[in-house]
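# Understanding the architecture of this molecule
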Amino acid sequence: MTTIASAGTFTLGNRTVKRLGYGAMQLAGPGVFGPPKDREAALAVLREAVKQGVDHIDTSDFYGPHVTNQLIREALQPYADDLVIVTKVGAKRGADASWTPAFSADELAQAVHDNLRNLGLEALDVVNLRLMFDAHGPAEGSIEEPLRVLADLQSRGLIRQIGLSNATRRQVAEGRRIAEIVCTQNQYNLAHREDDALIDELAADGIAYVPFFPLGGFSPLQSETLSAVAGRLGATPMQVALAWLLQRAPNILLIPGTSSLEHLRENLAVASLTLPDAALTELDEISSANTRT
Ligand SMILES: NC(=O)c1ccc[n+]([C@@H]2O[C@H](COP(=O)([O-])OP(=O)(O)OC[C@H]3O[C@@H](n4cnc5c(N)ncnc54)[C@H](OP(=O)(O)O)[C@@H]3O)[C@@H](O)[C@H]2O)c1
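In short, a report on the structure. As the structure is a prediction and not an experimental result, all values here were calculated from the model.

### Comments concerning the overall build of the protein chain
- Regarding its fold elements, the protein chain presents 10 helices and 11 strands.
- Relative to a compact globule of 293 residues, whose C-alpha radius of gyration would be 19 Å, the protein chain shows 18 Å and is just as compact.
- Counting only C-alpha atoms, the protein chain reaches 55 × 40 × 40 Å along its principal axes.
- The proportion of buried residues among the 293 residues of the protein chain is 54%.
- Put simply, 74% of the contacts in the protein chain that link residues at least 6 apart link residues at least 24 apart.
- Counting 25 positive and 35 negative side-chain charges, the protein chain places the centres of these two groups 2 Å from one another.

In C-alpha cells form, the structure reads like this:
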C-alpha cells in the first residue's frame, strides 16, 4: 500500500517533514469563527491525518479564535515527537468575526502565549509572521519591527523557528537579513502563480514554500482543463491540483484544508499520483488563461 511518505520530505529549518501535511483552518465554524458544527468529526479528521503519517499541521490561534488549536490539543496530545505544528501571528478577531492586524510587541507576545496555552506547548515549533499591510494580499512595507519582536521571543525560547506569510519577495529578502526564515506561506495554486520566481529562489536556498489555498480556498478550483486531465488519469480534480504542486518544486510542502474525513483521505492519496509531462503542460495553461482574462 502507498503511504504518504512516498511523496517525499523536505526541511522546515532544523526539522524534516513529509511533503503532504494538513491545514486545520477549515475545522473552525463558518467564516473560520466559532466552534465546528460537528466537534467529533473535527477531532476524527485530525486523528486520521496523524494516523496516515501527517507530521506537519498548520494552524493559528486566530482560527476560531482559539478553537482550532484547542481541537488539535484535544485530538493529538500527547503529541508525537515527529509532529511539527506551525502557527501564525499578526491578526486578531473581532466579535463580528472580522480580522484586524495585530503587530504591536504586546499583541505579538500575547498571540504567542495564546498559541502556547491553547496548543498545550512550552515552545512553538514554527511561527509565521502573517503580514497584513493590505486586506487583499501581499503589500510592500518594512517588516523589521514585528520580525525583531518575534526574534526576541525566539531568543527567550518561546519560539523555535520563524517563517513569513503573505509576504512579497522583497519582504522575504528583508526578513532573511534579520532572522533565519525557515518557510514562506503565501497564496499559490494552479490558477494563482504570482510566486513562481519566489518559489524557485527559495528552492535554490533549501527553504520551504507552503502554499495556502492550494485547492483554491473557500471556492475550490474549477477548470475544464483540470477536470479533463483528472478524468483521463482516473483521479479527482483536487488530487490533480495537489499533485501538480508536488511536482512544481521540491520545496513545496502541502497543507490542504478540509473538515471531511473523505476529502482528507482523497487528498493524502495523491502520494501515489504522478502527472505525466503532457498533463503538466496542459495544467500550466490554466494560469496563463487566468492572466489573459
Ligand atoms: N497564511 C495565511 O494567510 C493562510 C490563509 C488561508 C489558509 N491558510 C492555511 O492554509 C490551509 C489550506 O487552505 P484552505 O483550507 O483555506 O484552502 P484549500 O486547502 O485550498 O481548500 C479548502 C477547501 O477545499 C475543500 N476541499 C478540501 N479537500 C477537498 C477535496 N478532496 N474535494 C473537494 N473539496 C475539498 C474544503 O472543503 P471541505 O471541508 O468540505 O473538504 C475547503 O472548502 C488552511 O487550512 C490554513 O491552515 C493560511
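### Considerations on the pairing of strand β8 (residues 124–130)
- A large share of β8 lies buried, amounting to 6 of its 7 residues.
- With 4 bridges joining them, strand β5 (residues 84–89) and β8 adopt parallel strand pairing. Across the sheet, Val89 pairs through a bridge with Leu129, a residue of β8.
- Relative to strand β9 (residues 159–165), β8 runs parallel, the two sharing 6 bridges.

### Regarding the sheet that holds β8
- In space, the 7 strands of this open sheet follow the order β3-β4-β5-β8-β9-β10-β11, with parallel pairing throughout. The open sheet is flanked by β3 (22–23) and β11 (208–209), the only strands paired with a single partner.
- Bridge analysis of β9 against strand β10 (residues 181–185) gives 3 bridges, and the strand direction is parallel. Looking at the pairing, Ser165 lines up with Gln185 of β10.

### Description of the packing of helix α3 (residues 105–119) against helix α4 (residues 144–155)
- Direction vectors running N to C along α3 and α4 enclose 45 degrees, while the axes themselves pass 10 Å from each other. When the interaxial angle is binned, α3 and α4 end up oblique. As α3 packs across α4, the resulting crossing turns out to be right-handed. Contacts from Ala105, Leu108, Ala109 and Val112 in α3 reach Pro146, Val149, Leu150 and Leu153 in α4.
- Classifying every residue of the contact of α3 with α4 by side-chain character gives 8 nonpolar, no polar and no charged.

### Notes on unusual backbone geometry
- For the peptide bond that leads from Gly64 to Pro65, omega is -15 degrees, which places it in the cis range.
- Topologically, Pro65 is positioned in the loop between β4 (56–58) and α2 (67–76).
- Here the residue pair Gln77 and Pro78 is connected by a cis peptide bond, since its omega of 0 degrees sits within 30 degrees of zero.
- Inspection of the secondary structure assignment puts Pro78 in the loop between α2 and β5.

Cut-offs applied
- Here the residue numbers are simple positions, counted from 1 along each chain's written sequence.
- Local features are withheld for residues below a pLDDT of 70 in this predicted model, meaning they are given only at 70 or higher, and side-chain atom pairs are given and counted only at 80 or more; totals for whole chains, interfaces and linings count all residues.
- Where side-chain values are given, they derive from all heavy atoms of the structure, hydrogens and water being excluded.
- Helix numbering and strand numbering both begin at the N terminus, where a helix is a DSSP run of H or I of at least 4 residues and a strand a DSSP run of E of at least 2.
- To get the radius of gyration, use the C-alpha atoms; to get the globule rule, take the number of residues to the power 0.38 and multiply by 2.2 Å.
- The rule is simple: take the accessible area with a 1.4 Å probe, protein chains only, and divide by the maximum for that residue type; under 20% is buried, over 50% is exposed, in between is partly exposed.
- It only takes one pair of heavy atoms within 4.5 Å for two residues to be counted as in contact.
- The charged-residue count follows a simple rule in which Lys and Arg add positive charge and Asp and Glu add negative charge, with His and chain termini not counted at all.
- The location of each charge is read from NZ of Lys, CZ of Arg, CG of Asp or CD of Glu.
- Two strands make a pair as long as DSSP finds a minimum of two bridges between them.
- All axes are obtained by fitting lines to C-alpha atoms, using only the stretch in contact for helices, and the reported angles, taken between N-to-C directions, cover 0 to 180 degrees.
- Should an angle lie under 35 degrees it is considered roughly parallel, over 145 roughly antiparallel, and from 65 to 115 roughly perpendicular; all remaining angles are considered oblique.
- Take the far helix as the reference: if the near one is turned anticlockwise from it by less than a right angle, the crossing is left-handed, and if turned clockwise, right-handed.
- When residues are sorted by character, Ala, Val, Leu, Ile, Met, Phe, Trp, Tyr, Cys and Pro go into the nonpolar class, Asp, Glu, Lys and Arg into the charged class, and all the rest, Gly among them, into the polar class.

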